[in-house]
Amino acid sequence: MAAWDGKTVLMLPAAIVALVGAAVVIVAQVQMGRAWRIGVRASDAPLFISHGLFRFSRNPIFVGMMLVGLAAAMASGLWWAWAALAVFVMSCAVQVRIEEAHLEASFGQPYRAFRATVPRWLGWKRAA
């Protein structure tokens, strides 16, 4: 039997985080239905989603992907995996700001009201 080191101890929690992250991505993509897109295309915003996981996060797909990245960094224990996770999180933050500007331009006040009550990453609805 192998000795329990720091990396081995994180394997089970990393697996749980990865499963949760993957489940969040899949559920959020299903909940988006035909509104799911990759990137931003001018005049292509059929609707924005505010039900399901989107009640707790304006960007649950990104949250799920970040959880999977966190799990990979935890499981590997390598410094560069943590650095890659940091770069990925920063990239998500940039992409989300681009998407939010597109959604605001496309939907105006209804999107601003949604944005005012639902956090960008994770949380519970706030009073408007």
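Residues numbered from 1 in each chain as written. Predicted model: local features only at pLDDT ≥ 70, side-chain atom pairs only at ≥ 80, totals over all residues. Heavy atoms only, no water.

A. Spotlight on the environment of Phe88. By secondary structure assignment, the location of Phe88 is in helix H4 (residues 79-107). Residue Phe88 is classed as partly exposed on the basis of its relative accessible area of 31%. The spatial distance from the C-alpha of Phe88 to the C-alpha of Met65 is 9.3 Å, given a sequence separation of 23 residues. Not counting residues within four places of it along the chain, the set of residues in contact with Phe88 comprises Met65 and Met66. (Helix = DSSP H or I, 4+ residues; strand = E, 2+ residues; numbered from the N terminus. Buried < 20%, exposed > 50% of the residue type's maximum accessible area, 1.4 Å probe, protein only. Contact = heavy atoms within 4.5 Å.)

B. Structural view of the pattern of salt bridges. Enumeration according to the criterion identifies 4 salt bridges in this entry. With its nearest N and O atoms 2.6 Å apart, the salt bridge here joins Arg58 to Glu100. A residue pair is termed long-range when its members are at least 10 positions apart, and Arg58 in the loop between helix H2 (11-32) and helix H3 (60-76) and Glu100 in helix H4 qualify at 42 residues. Judged by relative accessible area, Arg58 falls into the buried class, the value being 11%. Note on Glu100: relative accessible area 7%, which makes it buried. The closest approach of N and O atoms between Glu104 and Arg115, which form a salt bridge, is 2.7 Å. Of this pair, Glu104 sits in helix H4 while Arg115 is found in helix H5 (residues 109-117), placing the two residues 11 residues apart along the sequence. Overlapping salt bridges, with partners in common, bring together Arg58, Glu100 and Arg120 in one network. (Salt bridge = Lys/Arg side-chain N within 4 Å of Asp/Glu carboxyl O.)

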